[in-house]
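Coordinate analysis (summary)
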Amino acid sequence: MLEIDDIHVNYGRLQALRGVSLTVAEGEVVCLVGPNGAGKSTTLAAIAGGVTPHAGGIKLQGRGLIGMAPEAISRLGVSLVPEGRHVFASLTVAENLRIGGFQRRDRSGAAADFERILSHFPRLRERLQQPAGQLSGGEQQMLVIGRALMTKPRLVMVDEPSLGLAPLIVDQVYEILLSLRQSEGLTLLINEQSSKRVLKFADRIYVLRGGRIQLHDRASNLQDGKAIMEAYFGFGEHPAPAAGSVALGGVAR
Ligand SMILES: Nc1ncnc2c1ncn2[C@@H]1O[C@H](COP(=O)(O)OP(=O)(O)O)[C@@H](O)[C@H]1O
Ligand SMILES: [Mg+2]
């Protein structure tokens with residue numbers, strides 16, 4: 001569905017992406033993991049048309065996206081849920097959701113989607129007339145995901161959904177995302193700083209650091225977490241210490 005081929009993005013003289021390639025197949029849940037500043041948000045912004053790579057290619061179902069306006073990319077079925085849970089705090093939950101569909105021309109379709117989306121988020125349905133600013137962090141995360149669904153996307157990209165949420169709430173958010181994949185036929189590309197949850201929920205994982213993909217594999221092949229940690233922190237880039245020079249709880253013989 002999505003094919004990113006060796007993209008490079010600069011902010012002025014800072015090289016944020018130095019050759020990122022990744023693919024997402026239809027129906028997959030792919031997670032992009034990496035430390036702060038790795039280039040995760042920039043990668044999603046490049047897909048959504050928010051920044052323009054100066055080299056490389058991005059294709060959605062074979063169609064080149066680089067140079068297209070964000071609105072045009074959105075109309076192709078790509079939706080980005082930015083980091084930070086930006087709700088319109090003084091508007092109600094219902095109004096926040098409807099804003100997601102305001103660009104749509106099919107009013108009756110949007111109304112039907114509003115109901116269907118709410119069926120995935122019982123907590124939001126209970127709070128439809130409350131100002132969004134009164135919701136908990138987890139509820140706000142669900143609201144921004146629900147709002148993104150109002151554009152009828154096929155590829156949903158979520159930037160750091162678990163940031164600042166309690167582990168139990170993070171699990172709930174992921175369980176909803178996975179159930180949406182099933183029932184709405186969504187494809188998901190999710191950024192995370194921590195690999196913990198991602199190992200449980202992703203089909204495949206890419207580790208990004210310093211603007212480069214350091215590792216990618218099926219989550220099932222990464223379960224012990226060791227390879228991810230090495231890629232994440234960059235162990236193994238320096239010469240290994242001489243044998244015997246470090247004792248990590250080992251017994252001298
Ligand atoms: N709008 C911007 N202007 C200048 N530098 C930026 C901007 N956005 C991000 N950067 C820099 O680009 C690099 C990658 O950032 P980002 O994609 O936000 O990483 P991540 O999402 O993995 O934390 C970082 O060094 C960051 O400081
Ligand atoms: Mg980020």
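Residues numbered from 1 in each chain as written. Chains lettered and ligands numbered in written order. Predicted model: local features only at pLDDT ≥ 70, side-chain atom pairs only at ≥ 80, totals over all residues. Heavy atoms only, no water.

So, about the overall build of the protein. A count of helices and strands for the protein gives nine helices and 10 strands. Viewed in the frame of its principal axes, the protein has a C-alpha envelope of about 75 × 40 × 30 Å. Expressed as a percentage of the 253 residues in the protein, the buried residues total 47%. Look at the contacts in the protein between residues 6 or more apart in sequence, and 68% of them connect residues 24 or more apart. Roughly 12700 Å² of accessible area belongs to the protein as shown, and the carbon and sulfur atoms make up 52% of that amount. Computing the positive centroid from 28 side-chain charges and the negative centroid from 24, the protein places the two 2 Å apart. (Helix = DSSP H or I, 4+ residues; strand = E, 2+ residues; numbered from the N terminus. Buried < 20%, exposed > 50% of the residue type's maximum accessible area, 1.4 Å probe, protein only. Contact = heavy atoms within 4.5 Å. Areas by Shrake-Rupley, 256 points an atom, 1.4 Å probe, with all protein chains shown as cover. Lys, Arg positive; Asp, Glu negative; His and termini not counted. Charge placed at Lys NZ, Arg CZ, Asp CG, Glu CD.)

Below, the discussion takes up the packing of aromatic side chains. Tallying each qualifying case throughout the model produces two aromatic pairs. Measuring from centroid to centroid gives 5.0 Å for Tyr174 and Phe201, while their planes differ by 15 degrees, and the two rings are stacked. Separated by 27 residues along the polypeptide, Tyr174 in helix α7 (residues 167-184) and Phe201 in helix α8 (residues 196-201) bring together distant segments of the chain. The same class applies to Tyr174 as to Phe201, namely buried. Sitting over the ring of Phe114, Arg98 keeps its end group 4.1 Å from the ring centre. (Phe/Tyr/Trp six-rings, centres within 6.5 Å; stacked < 30°, edge-to-face > 60°. Lys NZ or Arg CZ within 6 Å of the ring centre and 35° of its normal.)

Here we come to the packing of helix α6 (residues 137-149) against α7. In the contact formed by α6 and α7, the axes pass within 10 Å of each other and the chain directions differ by 20 degrees. As judged from the angle between their axes, α6 and α7 are roughly parallel. For the pair α6 and α7, the sense of crossing is right-handed. From α6, Gly138, Gln141, Met142, Ile145 and Leu149 reach across to α7, where they touch Ile169, Gln172, Val173, Ile176, Leu177 and Leu180. Grouping the constituent residues of the contact of α6 with α7 by class yields eight nonpolar, three polar and no charged. (Axes fitted to C-alpha atoms, helices over the stretch in contact; angles between N-to-C directions. Parallel < 35°, antiparallel > 145°, perpendicular 65-115°, else oblique. Left-handed = near helix turned anticlockwise from the far one by under 90°. Nonpolar A, V, L, I, M, F, W, Y, C, P; charged D, E, K, R; others polar.)

Right, let's talk about the site of ligand 1 for a bit. The environment of ligand 1 is formed by Tyr11, Leu14, Ala16, Pro35, Asn36, Gly37, Ala38, Gly39, Lys40, Ser41 and Thr42. At 2.7 Å from an oxygen atom of ligand 1 is found a main-chain nitrogen or oxygen belonging to Gly37. Of all the secondary structure elements, the ones that give two or more residues to the shell around ligand 1 are β2 (14-24) and α1 (40-48). Top element by residues in the shell around ligand 1 is α1. It accounts for three residues. (Near = heavy atom within 4 Å. Polar contact = N/O pair within 3.5 Å; in protein donor to acceptor, adjacent residues only side chain to side chain.)

This brings us to the environment of Ile228. Looking at the element boundaries, Ile228 is found in helix α9 (residues 226-233). On the basis of relative accessible area, Ile228 is assigned to the buried category, the value being 0%. The spatial distance from the C-alpha of Ile228 to the C-alpha of Val207 is 6.9 Å, given a sequence separation of 21 residues. Those residues within four positions of Ile228 in sequence are excluded, and the remaining contacts are Ser195, Leu199, Ile205, Val207, Leu215 and Leu222.

What follows deals with the nonpolar core. Phe121, Leu124, Leu143, Leu177, Ile190 and Ile205 are the most contacted members of the largest nonpolar core, which has 46 residues in total. Discounting residues that sit within four places of it in the chain, Ile190 has contacts with Val29, Val30, Cys31, Leu32, Val158, Pro161, Tyr174 and Leu177. (Core = buried A, V, L, I, M, F, W, Y, C linked by side-chain atoms within 4.5 Å.)

Moving on, we come to the sheet that holds strand β7 (residues 155-159). Spatially, the six strands line up as an open sheet ordered β6-β7-β8-β3-β9-β10, and their pairing is mixed. Taken across any chain shown, the strands that pair with only one partner, and hence form the sheet edges, are β6 (78-81) and β10 (212-218). When strand polarity is set aside, the average angle formed by the axes of neighbouring strands in this sheet is 15 degrees. As paired strands, β7 and strand β8 (residues 187-192) are joined by five bridges and run parallel to one another. Among the inter-strand pairings, Met157 is bridged to a residue of β8, identified as Leu189. In the packing of α7 onto the sheet, the strands contacted are β3 (29-33), β7 and β8, and the crossing angle to β8 comes to about 160 degrees. Running over the sheet, α9 touches β3, β9 (204-209) and β10 and is turned about 25 degrees from β9. (Pairing = 2+ DSSP bridges.)

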